[in-house]
Amino acid sequence: MDATVLANDLTSRPSALSATLARMRERRWRTVGFITALNLGIALLLTATNGGFWMQLTYSVSIGTSCTLIIEGTRLAAAYLADRISTWRGLRSEPSHTAGPGPLWFSGWRVLVPALLLALLLGPAIGFWIGDQLTGLRSPRLLQFDNPATRTTLTITALASTLAVVMGATIERLATARAMAQSAQRQAAENQLRLLQSQLEPHMLFNTLANLRVLIGLDAQRAQDMLDHLIAFLRTTLAASRADTQPLSVEFKHLSDYLALMAVRMGPRLQVHLDLPPELADVPVPPLLLQPLVENSIQHGLEPKVEGGRIDVLARREADELVLVVRDTGIGRPTGPAAPAGSGFGLLSTRQRLQTLHGPRASLVFDDVPDAEGGTRVTIRLPMPTRTATRDRP
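Residues numbered from 1 in each chain as written. Predicted model: local features only at pLDDT ≥ 70, side-chain atom pairs only at ≥ 80, totals over all residues. Heavy atoms only, no water.

1. Description of the overall build of the protein
Per the secondary structure count, the protein includes ten helices and seven strands. Taken across its 394 residues, the protein has 40% of its residues classed as buried. Excluding contacts between residues fewer than 6 apart, the proportion of contacts in the protein whose partners are at least 24 apart in sequence is 74%. For the protein, the exposed area adds up to about 21,900 Å²; of that, 63% sits on carbon and sulfur atoms. (Helix = DSSP H or I, 4+ residues; strand = E, 2+ residues; numbered from the N terminus. Buried < 20%, exposed > 50% of the residue type's maximum accessible area, 1.4 Å probe, protein only. Contact = heavy atoms within 4.5 Å. Areas by Shrake-Rupley, 256 points an atom, 1.4 Å probe, with all protein chains shown as cover.)

2. Some remarks on the side chain of His 358
When you line up the elements, His 358 lands in helix α10 (residues 345–358). Looking at His 358, the relative accessible area reads 19%, which means it is buried. Excluding residues that lie within four positions of it along the chain, His 358 makes contacts with Leu 382 and Pro 383.

3. Observations concerning the environment of Val 285
The topology assignment puts Val 285 in strand β3 (residues 284–285). Considering only alpha carbons, one finds Val 285 and Asp 244, 41 residues apart in sequence, at a separation of 8.5 Å.

4. Thoughts on the side chain of Asp 328
If you trace the backbone, Asp 328 turns up in strand β5 (residues 321–328). Although Asp 328 is buried, it forms no salt bridge, and the closest oppositely charged side chain is Arg 327 at an N-O distance of 6.3 Å. A distance of 3.2 Å separates polar atoms of two side chains, one belonging to Asp 328 and the other to Ser 297. Separated by 2.8 Å, the side chain of Asp 328 and the backbone nitrogen of Gly 330 make a polar contact. Once residues within four sequence positions are removed from consideration, Asp 328 is found in contact with Ser 297, Gly 301, Leu 302, Arg 310, Ile 311, Gly 374, Gly 375 and Thr 376. (Lys, Arg positive; Asp, Glu negative; His and termini not counted. Salt bridge = Lys/Arg side-chain N within 4 Å of Asp/Glu carboxyl O. Polar contact = N/O pair within 3.5 Å; in protein donor to acceptor, adjacent residues only side chain to side chain.)

5. Describing the packing of aromatic side chains
Inspection of every chain in the model, using the stated rule, returns two aromatic pairs. Where Phe 53 meets Trp 54, the ring centres are 5.1 Å apart and the plane angle is 70°; that geometry is what we call edge-to-face. Of the residues examined, Phe 53 reaches a relative accessible area of 24% and is grouped as partly exposed. The exposed category is assigned to Trp 54, whose relative accessible area is 64%. Seen in terms of ring centroids, Tyr 59 and Phe 128 are 5.6 Å apart; in terms of plane orientation they differ by 55°. Their pairing is tilted. (Phe/Tyr/Trp six-rings, centres within 6.5 Å; stacked < 30°, edge-to-face > 60°.)

6. A word on the pattern of salt bridges
Evaluation of the coordinates by the stated rule reveals ten salt bridges. Glu 72 is the partner of Arg 75 in a salt bridge, and the nearest nitrogen-oxygen pair spans 3.3 Å. Of the two residues, Arg 75 and Glu 72 are both situated in helix α4 (residues 53–91); the distance of three residues between them amounts to about one turn of the helix. Grouping residues by exposure puts Arg 75 and Glu 72 together as buried. With its nearest N and O atoms 2.8 Å apart, the salt bridge here joins Arg 310 to Asp 312. Taking relative accessible area as the criterion, Asp 312 reaches 9% and is therefore assigned buried. What emerges from the salt-bridge pattern is a single network uniting Arg 310, Asp 312, Arg 327, Asp 371 and Glu 373.

7. Considerations on a nonpolar patch on the surface
Taken together, Leu 118, Leu 121, Leu 122, Ile 126, Trp 129, Ile 130 and Leu 134 make up a surface patch of nonpolar side chains, about 690 Å² in accessible area. Residue classification places Leu 118 among the partly exposed positions, given a relative accessible area of 33%. (Patch = residues over 30% accessible without salt bridge, like charges linked within 9 Å, V, L, I, M, F, W, Y side chains within 5 Å.)

8. Quick notes on the packing of helix α8 (residues 248–266) against helix α9 (residues 291–302)
Closest axis-to-axis distance for the α8/α9 pair is 10 Å, and the angle between their directions is 25°. By the angle between their directions, the pair α8 and α9 is classed as roughly parallel. Considering how the two elements wind past one another, α8 and α9 form a crossing that is right-handed. Contact residues: α8 offers Glu 251, Leu 255, Tyr 258, Leu 259, Met 262, Arg 265 and Met 266, while α9 offers Gln 291, Val 294, Glu 295, Ile 298 and Leu 302. Classifying every residue of the contact of α8 with α9 by side-chain character gives eight nonpolar, one polar and three charged. (Axes fitted to C-alpha atoms, helices over the stretch in contact; angles between N-to-C directions. Parallel < 35°, antiparallel > 145°, perpendicular 65-115°, else oblique. Left-handed = near helix turned anticlockwise from the far one by under 90°. Nonpolar A, V, L, I, M, F, W, Y, C, P; charged D, E, K, R; others polar.)

9. Quick notes on the environment of Asp 328
Looking at Asp 328, the relative accessible area reads 1%, which means it is buried. Each C-alpha atom, one on Asp 328 and one on Ser 297, is 6.0 Å from the other, the two residues being 31 residues apart in sequence. In this structure the side chain of Asp 328 is engaged in a polar contact, spanning 2.6 Å, whose partner is the side chain of Thr 376.

10. Comments concerning α8
Given a rise of 1.5 Å per residue, 19 residues ought to cover 27 Å, and the 26 Å separating the end C-alpha atoms of α8 matches this to within 8%. All of the buried residues in α8 are Leu 248, Glu 251, Phe 252, His 254, Leu 255, Asp 257, Tyr 258, Leu 259, Leu 261, Met 262, Val 264 and Met 266. One or two steps after α8, the chain reaches Gly 267, where phi turns positive at roughly 65°. (Expected span 1.5 Å × (residues − 1).)

11. Side note on the environment of Thr 245
Position of Thr 245 relative to the elements: it lies in the loop between α7 (220–240) and β1 (246–247). Between the C-alpha atoms of Thr 245 and Pro 284, which are 39 residues apart in sequence, the distance is 5.6 Å.

12. A look at helix α2 (residues 16–26)
All buried positions along α2 are accounted for by Ala 16, Ala 19, Thr 20 and Met 24. The buried residues of α2 all sit within an arc of 135° when viewed along its axis, so they share a single face. (Arc of directions from axis to C-beta.)

13. Digging into the sheet that holds strand β4 (residues 309–318)
Sheet architecture is open: five strands sit in the order β2-β4-β5-β7-β6, paired in mixed fashion. The sheet is open, and its two edges are formed by β2 (270–275) and β6 (363–368), each paired on a single side. Here the average twist between neighbouring strands, direction ignored, is 10°. Pairing between β4 and β5: eight bridges, direction antiparallel. By the bridge assignment for β5, Arg 317 is matched with Leu 322. On top of the sheet, α8 reaches β2, β4 and β5; it is set at about 170° to β2, its chief contact. Helix-sheet contacts for α9 involve β2, β4, β5 and β7 (376–383), and the interaxial angle to β4 is about 145°. (Pairing = 2+ DSSP bridges.)

In structure tokens, the structure reads:
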């Protein structure tokens, strides 16, 4: 194997130590809660037979904490050693035969069993010493197996440590399975978004080309102007198609290009108002999120209206939500049994994208505007992102 390729492979894999630390952080409160409940249960059990609750609790916590620290410390040491061996292998350009970080024998039960044995050997001795320092008492030697207290201590320690290890391993496996399921769900969501985007782009392009074909026979100069705008629009759209998200300012620039195309065809019948506050310019949104809504407003609201009308696209922040509004002053929604209920292609695709990305935290409302100008309005609400937009998809 080429040394450079091997080095890249090693650096791309997560280190065993960092992975182990991440799992410990993730389950730290569950571990603390379980160990606390276990220590309390042991103290109550010993109190029922020997009395002295606070003394029993002191020794129980001391021994339980010592065993837990030994088990977790052994896992960290094994992970560190696994990383060192992986580095040693990489420096010698030796192939790796394991799928995960580090050698296989430094993971899972191969680490937990020795850690458990080490905890059984050292944990009670350390715990008794700590308990003696806290209580001022003197505990019997653990090697005095004929002493009932020694046998009881070792038995309870063995059972409690084994239970703690089994429970910890089970919780970790469940957490790993849950993380894998979430990763698969995110991958499925990304695939669905790409499919929806691939449907959106031809939909808009076919409409534009159909309009261009009609305009060629009516006004060649306007058709040429429209073709120039189309080329500029497709160039910016291609860049957007390579990103999972893009800044809201780029989304508004796309709308400006698209509306310039429509203005060539509709002339003064189309008026446009875009309102993007500067503080929201870098907020990331899915590419082409608003374009199908604007396209719907033109096709179903403004084009059927003889005098045309105006399209307003607004962005604002309300608490922890990003609010996007597309409003037109067109003819409004048709009435009657055949009237659409907000289920056209543009609205449906946008709803699906929002549902895939944010679930119930996002919403899309399509309604009539009750003021004198009339028309329809689409209001999108989604959680205010906390990261910057991704411009290019590798």
